[in-house]
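# Structural description and commentary
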Amino acid sequence: MFWKIARQHLLLEWRDPAALPVSIILAVLLVSISFSGVGRILEQRKAEERFEKEWRQVIQHTQAIDRAIEDRIAAGIEEEQLPPPFGARHPGYPYAWCKPAIIKPAAALSWLAEGKSDIYASGYAAPHFEPVEQIDNPLRLVNGNLDVAFVLVYLLPLCILILSFDLTGSDCETGLLRLTLAQPVRFSTLLSARLGASALPVLGAMFVAAAAIVPGIHRIRDDSDIGARLLMAAAATILYALFWWFAAAAVNSMRRSAPVNATILGSFWLLFVIFIPVTLHAAATFIYPVPPRAELIDAERSAPQRVAKLDQISLSRDFIAHHPEYGYASLDSVPGLGRVYAGSAAREEAEDRIIERETGRFREALRRQEGFIDGFSAFSPAILLNAVLTDLSGTGWRGEEAFQEQKERYVQRTIFFFRSREFRFPNGVFTSQEYDLIPFFEFQDEPVAGVIQRNRRALLWLTLIGGFMGVTFRYLSTRRFPDQIYA
Amino acid sequence: MRWGIVVHITRNELIRLSRDRRLLCAAFALLLLLSVSFAGGTGTYRRMAAENSRAQAAERERWLNQGTRSPINAGDQGIVVFQPVSPLFILDSGVTSYTGSANLLEGDHENLFGAKPAEYANSLLRMGQLTPARTLQVFVPLLLIFLLYSVISEERDTSLLRQIFACSISPGEYAAGKILAADGLVALIVAGVMVSFLLLARRELSADIGMRAMLIALGYLAYLTAFIGTGLYVSARCTTGRQALLVMLCGWAGVCLLAPPLASRLAQAARPLPPSLSWASEITAAQRQVMTVEERRAAVRKQLLEQYKVSSLRDLPVDPIGAELLLENADEARVYHPRITGLRDIYESQNRFYEGISFAAPLLAIQALSMGLAGADTAAHRHFADAAEEYRTGFVYFLNDYILHDPKYKTSSTFPGTDLVITTAGPEVWARIPPFTYRQPDYVWAVLNHRIALCALSVWFAAGLVTTALSIRRIGLT
């Protein structure tokens, strides 16, 4: 009986002017948005390559100058100058101008969820690792990203509701439901069969879209890591869709008219997709406010002045004491001119500490806000799905934090590389071979196991919420309603 | 038309709506959304306004009391200026989260957006940013859909329409009554929003803000009237209530949810912006085209020695480093200003394209107009940024010129061939640089800036009226 009803409902859907266009629009949207996202990633990758190449060329150019000096010295045309003048053989010069750029590569899954990748700096470059700010049109930023996550979080539930708000409503109004239930069929079977049939166009659209998207992804990256992430995204999406299907079925089980069902389901959509995220965002911002940006600007620009007021000798002593990796027991053991550079390194570090302290306040406020949202995210499947998709894509705040950590480690490595050579002064020069040793930054994606581990909770919540809706549907569909006594 | 009958139908419709539990639910949801959005908007506005005014005063204080120091260092530290936040921010915060209101004007060169609050905003920024304007743009139309889809189709389904027409009521009177009821409801919502705004911003009101608020209210009435007309037409056209609801819901999702990001993407495709890294590369390449410090130094010294017909730098009446800095600044302006202006021109061009698409989706028109009138759009930010850049150019020129004409140069013990800046300045010099004052352009400027959106909204308003007339004809045919 189940299959008979499902087939019948599918036939009705085929004739329905809404079902086919809705599923076609959904599939077309998913495919076109994914491909346009892939196109953007490829364009971004080209820009990254060009940018990195330019900085490599700067290094190669300075190295060639250094090599020419070495050749002239070897040929006896000129003598080595100690300490070298500020130029290719002075470690301070490549330290300022030959630091390789730090680039945050476009995430391979950013077509899935762009997150905040269009807000965070896309790279950092010499002389002081200044951020390369994003230059997107602010109006586009306000309107949000047209990515797969947008379609799945906002439009997918609407498609589901449009196709399943009237599984039994019209029949209830016309009395056809009573006639149907007079046959040897249970209401729950009828509803389940119709629900299954109404789910097919949406599932079909998603399947067709996935089949079309997968070959496109191979153009970006092709490894098991991406596969695992996509599988997890698919699982979260299915759970999210199940929640809405069960919600639609539960509302239909109450045997109200189609318009009433539509109103109730529309309210559900408003509540879970709009109202709860809005309230959580407002509450998080209110409870854990981020300090004014002017304070960060002020800290950044006044840091040198504040450091200049400190006792420079003890600053240098502390620096050497806290950095045994430079290989000096005390400031006195640093060679004459090297002490000047130790002082400058100590000042630089003290300035960084001041800025870091200020930035830390901002990061801490953000972390608390995210923790707060995370704590209440179970109230909205939309928040859960959005968080999972963004985290899997590596374009959210967690991805940015991971990038910042790697960047910071690299910056410290670079500083050590150049500073340790400056400390050898007055007897050290930066040779042309040393240019080949300059460390380069390479962003390492977080292992997929860690991402899965982190998102297990969200998936569990999606399962529980969906399960709760399923149980509600089951309970309501098997409950005897007053009109059923005629059945 | 017999207006008595129209009023009667309107009253009847309002009574029917007030007894409809669906409407009560929808009204409750709308009230919740508006309350949350007003609370969020007011809180953010008050915090931002207070922080900006406090920081602005502190910044001036710092500038005047920075003691005796080199003007070069003072310029490098820069001055922070703040884009004034209009009370209309409560209604529509526009692009402020992505442009920031605090901008650091550095001595070196012009900058793009200095401090974007979005950078330190939580992950729900885009999902959870709701303003009263967005509620009116997106969710009131949804409420209207639930009110309108059954207005005609349901009465036709139940054959009530025939009975009504049998009572010598014309289709025109019938439709007018229905429209008046819906319009009355919309007017009530818009009036409620505006009254709430006026109450919340009562201390900061001015004639300009009042005018802007009134224009915003009129814009929303036109926008929602277009929705009512279209909704009525769909209801008259569709054979069943279910079909009408489906068509309207799909249309709403297309216009209110999908259109804004899609139109932005289309605008980006039509007037593409380079990736940020490419833009940064372009600036680096342009910087390589200007003179190096050494080349500039040699050129300036040669020119000054020739100009003043002296053979030694010591004999120059001006400090060559001042001249060098002035030239360097002009070079930097040549690198940055055309590129930043070019970028902002692309934004403008994209926004015009975006407004052009609003002929197909009314939400884009009202969104642009509402942001513009609230003084929170890209054009307003550009106006502010241009004024700030003018100020920056002025104070940097003043500081460099001060170095150029510093009389101490002649008597300084420092050898006048080094790149050391011997000039120092004190409080009297800092005080000669006036504080940054910015006057927001008036509402006429804002409206003219969005003339395409205004045209589109007018077309949609007219279309709303036309579709209403078509609905009446359709009802008559029924």
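Residues numbered from 1 in each chain as written. Chains lettered and ligands numbered in written order. Predicted model: local features only at pLDDT ≥ 70, side-chain atom pairs only at ≥ 80, totals over all residues. Heavy atoms only, no water.

The next thing to look at is the overall build of chain A. The helix and strand tally for chain A stands at 16 helices and three strands. Since a compact globule built from 487 residues should have a radius of gyration of about 23 Å, the 31 Å found for chain A marks it as more spread out than a globular shape. Seen through its C-alpha atoms, chain A measures out along the principal axes to roughly 110 × 45 × 35 Å. The buried share of chain A, reckoned over its 487 residues, is 55%. Here the contacts in chain A between residues at least 6 apart in sequence split such that 83% fall between residues at least 24 apart. Surface exposure of chain A reaches about 21,500 Å², of which carbon and sulfur atoms provide 61%. If you average the places of the 50 positive and of the 53 negative side-chain charges in chain A, the two averages end up 9 Å apart. (Helix = DSSP H or I, 4+ residues; strand = E, 2+ residues; numbered from the N terminus. Rg over C-alpha atoms; globule rule 2.2 N^0.38 Å. Buried < 20%, exposed > 50% of the residue type's maximum accessible area, 1.4 Å probe, protein only. Contact = heavy atoms within 4.5 Å. Areas by Shrake-Rupley, 256 points an atom, 1.4 Å probe, with all protein chains shown as cover. Lys, Arg positive; Asp, Glu negative; His and termini not counted. Charge placed at Lys NZ, Arg CZ, Asp CG, Glu CD.)

What follows covers the packing of aromatic side chains. Taken as a whole and assessed by the stated rule, the structure comprises 32 aromatic pairs over all chains. With a centroid separation of 5.1 Å and 85° between ring planes, the pair formed by F243 of chain A and W244 of chain A is classed as edge-to-face. Grouping residues by exposure puts F243 of chain A and W244 of chain A together as buried. Relative to F436 of chain B, the ring of Y391 of chain B lies with its centre 5.2 Å away and its plane at 55°, an arrangement referred to as tilted. Residue Y391 of chain B is located in helix α16 (residues 378-404), and its partner F436 of chain B is located in the loop between α18 (427-431) and α19 (443-449); the two are separated by 45 residues in the primary sequence. (Phe/Tyr/Trp six-rings, centres within 6.5 Å; stacked < 30°, edge-to-face > 60°.)

Nonpolar side chains tend to gather and get buried jointly when the protein is soluble and globular. Counting 192 residues, the largest nonpolar core has W111 and W269 of chain A together with W252 of chain B as the members making the most contacts within it. Setting aside anything within four residues of it in sequence, one finds W252 of chain B in contact with L158 and W269 of chain A together with V138, P141, L142, I145 and L257 of chain B. Judged by nonpolar contacts, the second largest core, of 45 residues, contains A88, Y326, Y328 and F403 of chain A. (Core = buried A, V, L, I, M, F, W, Y, C linked by side-chain atoms within 4.5 Å.)

Moving on, we come to the sheet that holds strand β1 (residues 102-103) of chain A. Residues and elements named next belong to chain A. Ordered in space as β1-β2-β3, the three strands form an open sheet in which the pairing is antiparallel. A single partner strand is all that each edge strand has here, and the edge strands are β1 and β3 (130-132). In terms of strand pairing, strand β2 (residues 123-125) meets β3 through three bridges, oriented antiparallel. Counterpart to A125 in the pairing with β3 is E130. (Pairing = 2+ DSSP bridges.)

Here the focus is a nonpolar patch on the surface. Judged by side-chain polarity, L10, L200, L203, I238 and L242 of chain A come together as a nonpolar surface patch covering roughly 360 Å² of accessible area. Within the secondary structure layout, I238 of chain A lies in helix α9 (residues 224-253). (Patch = residues over 30% accessible without salt bridge, like charges linked within 9 Å, V, L, I, M, F, W, Y side chains within 5 Å. Salt bridge = Lys/Arg side-chain N within 4 Å of Asp/Glu carboxyl O.)

Below, the discussion takes up the confidence of the model for chain B. All names here are of chain B. Of all residues in chain B, 97% have pLDDT values of 70 or greater, and the mean over the chain is 88. When pLDDT is averaged over each helix and strand of chain B, the minimum, 72, is found for helix α7 (residues 153-157) and the maximum, 96, for helix α15 (residues 362-373). Of the two predicted TM-score estimates for the complex, the pTM is 0.90 and the ipTM is 0.91. (pLDDT = per-residue confidence, 0-100.)

Here we take up the interface of chain A and chain B. Contacts between chain A and chain B engage 83 residues on the former and 78 residues on the latter. When chain A packs against chain B, the two sides together hide about 7,200 Å² of surface, and 67% of this comes from carbon and sulfur. For chain A, the biggest contributors to the area lost against chain B are I135, R293 and R301 of chain A; these three give 11% of the whole. At the boundary of chain A and chain B, one finds three salt bridges. Here E114 of chain A makes a salt bridge to R265 of chain B, at a shortest N to O gap of 3.1 Å. Run the count over chain A and chain B and you get 26 residue pairs in polar contact (both at pLDDT 80 or more). Mapped onto the side of chain A that touches chain B, the elements with two or more residues apiece are α2 (19-74), α4 (138-143), α5 (148-164), α10 (258-287), α11 (293-308), α13 (336-376) and α14 (381-393) of chain A. Looking at the side of chain A that touches chain B element by element, the count peaks at 16 residues for α10 of chain A. Here the side of chain A that touches chain B is composed, by residue class, of 47 nonpolar, 18 polar and 18 charged. (Buried area = accessible area lost by both parts, 1.4 Å probe. Polar contact = N/O pair within 3.5 Å; in protein donor to acceptor, adjacent residues only side chain to side chain. Nonpolar A, V, L, I, M, F, W, Y, C, P; charged D, E, K, R; others polar.)

Attention now moves to the pairing of strand β1 (residues 79-82) of chain B. Residues and elements named next belong to chain B. By the alternation rule, side chains of β1 split into I79 and V81 and V80 and F82, which are all buried. Direction of pairing for β1 relative to strand β2 (residues 102-105): antiparallel, over a ladder of four bridges. The partner of V80 across the bridge, within β2, is L104.

This paragraph deals with the pattern of salt bridges. Summed over the entire model, instances satisfying the criterion amount to 48 salt bridges over all chains. We note a salt bridge from E114 of chain A to R40 of chain A, for which the minimum N-O separation is 2.6 Å. With a gap of 74 residues between them, E114 of chain A in the loop between β1 and β2 and R40 of chain A in helix α2 connect regions that are remote in the sequence. For R40 of chain A, a relative accessible area of 26% puts it in the partly exposed group. With a closest N to O distance of 2.7 Å, E80 of chain A and R89 of chain A form a salt bridge. Connected via shared salt-bridge partners are D345, E348, R352, R382 and D386 of chain B.

Attention shifts here to helix α12 (residues 312-322) of chain A. Residues and elements named next belong to chain A. Here α12 has its buried residues at L315, S316, F319 and I320. Looking straight down α12, one finds that the buried residues subtend no more than 130° of arc, so they occupy a single side. Away from its buried face by more than 90 degrees, α12 exposes A321 and H322. At its buried positions, α12 is contacted by α11 and α13. (Arc of directions from axis to C-beta.)

Residue and element names in this part refer to chain A. You can see I320 is positioned in helix α12. A residue is classified by how much of its surface remains accessible, and I320, at 2% relative accessible area, is buried. With 47 residues separating them in the primary sequence, I320 and V273 have C-alpha atoms 55 Å apart. In this view, I320 contacts Y328, A329, S330, L331, V334, A342 and F423; residues no more than four positions away in its chain are not counted.

With that settled, the discussion passes to the environment of Q369 of chain A. Along the chain, the position of Q369 of chain A falls in helix α13. Along the backbone, Q369 of chain A and A283 of chain A are 86 residues apart, and their C-alpha atoms lie at a distance of 8.8 Å. Once you skip the residues sitting within four places of it in the chain, Q369 of chain A turns out to touch A284, T285, Y288, P289 and V290 of chain A together with N122 of chain B.

Now for the environment of I5 of chain A. Residues and elements named next belong to chain A. Tracing the sequence through the fold places I5 in helix α1 (residues 2-15). For I5, a relative accessible area of 11% gives the class buried. Residues I5 and L20, 15 residues apart in the sequence, show an inter-C-alpha distance of 19 Å. Other than its neighbours up to four places away in sequence, I5 contacts V185, L190, A193 and R194.

Right, let's get into the side chain of Q369 of chain A. Note on Q369 of chain A: relative accessible area 2%, which makes it buried. Looking at Q369 of chain A, its side chain comes within polar contact range of the main-chain oxygen of Y288 of chain A, at 2.7 Å.

Turning our attention to unusual backbone geometry. Residues and elements named next belong to chain A. One non-glycine residue, F129, lies in positive phi territory at about 50°. Within the chain, R255 stands out as a residue other than glycine whose phi angle is a positive 55°. For R255, the position within the fold is in the loop between α9 and α10.

We now examine the side chain of D118 of chain A. Residues and elements named next belong to chain A. Structurally, the position occupied by D118 is in the loop between β1 and β2. For D118, a relative accessible area of 6% translates into the label buried. A polar contact of 2.6 Å, which involves the side chain of D118, links it to the side chain of R140.

Residue and element names in this part refer to chain B. It is at 10 Å that the axes of helix α6 (residues 132-148) and helix α11 (residues 241-270) come closest, and there the two elements cross at 175°. With respect to α11, the axis of α6 lies roughly antiparallel. Counting all contacts with α6, which are made through Q137, V138, P141, L142, I145, F146 and L148, the residues of α11 involved are L245, M248, L249, W252, C256 and L257. Each residue belonging to the contact of α6 with α11 can be placed in one class, and the counts come to 12 nonpolar, one polar and no charged. (Axes fitted to C-alpha atoms, helices over the stretch in contact; angles between N-to-C directions. Parallel < 35°, antiparallel > 145°, perpendicular 65-115°, else oblique.)

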